[in-house]
Every structure is written in C-alpha cells, then in structure tokens.
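# Overview (structure and organization)
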Amino acid sequence: MSIVHDRAAAVAATVSRIRAIGLSPDPALNTPDKVADASDALRTLAARADLFPVAHFPLKLGGISGFYRLTEDDDFRNALYISVSPAKFFNARPHAHAHWALIAGVAGTEHNVIYERADDGSEPGTGRLRKTREVPVRAGDVLYMPRPEYHTVEYDGSETAINLHFYGLGLDSPEGLRAPSFRAADSDRYDIDSRPHAYWGVPRLANDEIAAARATAPGLAVIAVGAALPGHPDIAVIADPETPTITSDIAADVPILLVGSETATEIAAERLSRQGRTTVLRTEAAEAIAAL
C-alpha cells in the first residue's frame, strides 16, 4: 500500500473511532472514560510516525513551522491537523478553541501552558487568566483540553516537533474564527475574530510517491488547478480554485492530487473539504509532469 492510502486509512479509522465516542462541547458530559478512549485513538495514530514524514509538510510561516489539515467533516467537525516545527516558535497569545481539543505527540516536544478564566466573563473584551498547569506533549502523550481552557504553544527549536491536533470544530469554522485570544498571558484584554482567515497547508508528494499512489487501489485522481498541465490534455482542470468541482466518476475514497501553485491548491483543498473530500494532496506542475 502506498503511504497516501495507508495514511488515509489510518486517519479515517481514527476519526471514525473518535466520532463514535461522541465527545461533547460541554465538558461536563465528557466522562474520564470517554476522554481516555478518544485519547487512546489519537495516540495510536500518532504512534505511526512513518505516516508523517517531514517532507510531506514543508514549512510555512516564514520557514518557522507548518500547519496542515489532514481531514475534516464537511460541517467543520472532527478536524484533524498536523503541525511540524523544527525551529524556535512561540504563540504567546493564550487562545481558546470553540470545542474540545486533543493534542498528540508524534516526535519532539510541544510545550503547552494551560490557563482558565479568573473573571466571570461579564464584560466583553475584558478578562483575566489564571495559569493552571504546564504540559509538555511528547511522543506517546495526549493532551485533552475541554472548552473553555486557554493555552499557549511553544517549540524550543532543539528538535523537530511533530504533533497531531484534533478539534471538535475546525479552526476555520464560524465558531472557530470567533474563539477568544488574549493579547498576552498577563493582559486583561482579549480579541475575537482578530486574525485573518488562513488557508492551511496541503501535504505534498514526491514523484516516486505519486507513481506508487497511482498504482495502488483505489488509485489517485490527478487534477490541475488554474491551468491545464502541459503535455497532459487528459488531466482534468479546476479553472477557479474558489469553485472546484469533482466529476462524479471519482469515488469519495479516491485521494485527490492537486497540481498547481501553493496558494491555488490550498484554496481548492479547503473548498473540497467542504464537499466531503477527505484526502487531498498537492504537487507543483513540473514535478507532476515528470511523474506522470
């Protein structure tokens, strides 16, 4: 089995298992057994470090880190991302999530500082945080964060940190985009909807991996984004990444390889995730031409 299909199967099995456990946005309903079962499911996936080679997740954010959507339900629920950071990086703004969150270590260390609200939340935009604990997430560890805990995330740059982040609601869901973010741990001000919409990265494939995926059932659907692929008139084209359409003959379990620029493929991949397409990858045109 190619790494594309192996990872897709493992991700789908993990999401199915956690979905069936039924974690709630109300932390009072998430019993210790439910949390333990969901954590074990994500831990099992994170233990498959071979499924998450760094080369598939090139760095973004000015070469500091990469954050990639692996899968997400078409209603934004059960959103699984992977973060890769070989450099020193610190998100110093304590932020909450719109739903529960699970963070599992694949490699390296992601240092989380957890906070709770120390005020009653009665005054919009104003509040105080109280630190409750610090949690380093390493291989084999899983951090469960119920709503409405806040956290900061730090990588010290001494090793490449790879982590799976699984959210009850995706970061770019309407609720996720309005999750509060304090300006600093000691600030009494927080912002809502203060960050621009981000297009998350799309995992990349090398030439030999493209060939292996095409030769493994159920295959690999190759689609050019923005313009036809030179020398390959048979390859389907998505002319506008904002409004991608997939022909009905491409089954839902067939991974899709988008060929084109980083920006165009990221936009198209997000739109396709809203259509229920769970395995989307990308490559540049020159690499695709060499592989096809």
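Residues numbered from 1 in each chain as written. Predicted model: local features only at pLDDT ≥ 70, side-chain atom pairs only at ≥ 80, totals over all residues. Heavy atoms only, no water.

The name given to the protein chain in an unreviewed UniProt entry is Cupin type-1 domain-containing protein, and the organism recorded there is Sphingomonas colocasiae.

What follows covers the side chain of Arg-282. Tracing the chain through its elements places Arg-282 in strand 15 (residues 280–283). Judged by its relative accessible area of 2%, Arg-282 falls in the buried class. For Arg-282, the side chain forms a polar contact with the main-chain oxygen of Gly-260, separated by 2.8 Å. Within the structure, the side chain of Arg-282 is placed 2.8 Å from the side chain of Glu-284, a separation counted as a polar contact. (Helix = DSSP H or I, 4+ residues; strand = E, 2+ residues; numbered from the N terminus. Buried < 20%, exposed > 50% of the residue type's maximum accessible area, 1.4 Å probe, protein only. Polar contact = N/O pair within 3.5 Å; in protein donor to acceptor, adjacent residues only side chain to side chain.)

For the pair helix 1 (residues 3–21) and helix 2 (residues 32–46), the least separation of the axes is 9 Å and the interaxial angle reads 175°. Considered as vectors, helix 1 and helix 2 are oriented roughly antiparallel to each other. Only Lys-34, Asp-37, Ala-38, Asp-40, Ala-41, Leu-42, Thr-44 and Leu-45 of helix 2 make contact with helix 1, whose side of the interface consists of Ala-10, Val-11, Thr-14, Arg-17, Ile-18 and Ile-21. (Axes fitted to C-alpha atoms, helices over the stretch in contact; angles between N-to-C directions. Parallel < 35°, antiparallel > 145°, perpendicular 65-115°, else oblique. Contact = heavy atoms within 4.5 Å.)

Quick look at the pattern of salt bridges now. As enumerated under the stated definition, the model contains 21 salt bridges in all. Of the charged contacts in the structure, one is a salt bridge between Arg-130 and Glu-116, with a shortest N-O distance of 2.6 Å. Residue Arg-130 is found in strand 6 (residues 129–137), and its partner Glu-116 is found in strand 5 (residues 110–117); the two are separated by 14 residues along the sequence. For Arg-130, a relative accessible area of 41% gives the class partly exposed. Here Glu-284 ties to Arg-282 by a salt bridge, and the two come within 2.8 Å at their closest N and O atoms. Residue Glu-284 is classed as partly exposed on the basis of its relative accessible area, which comes to 28%. Sharing partners across several salt bridges, the network here consists of Arg-69, Glu-72, Asp-172, Glu-242, Glu-270, Arg-271 and Arg-274. (Salt bridge = Lys/Arg side-chain N within 4 Å of Asp/Glu carboxyl O.)

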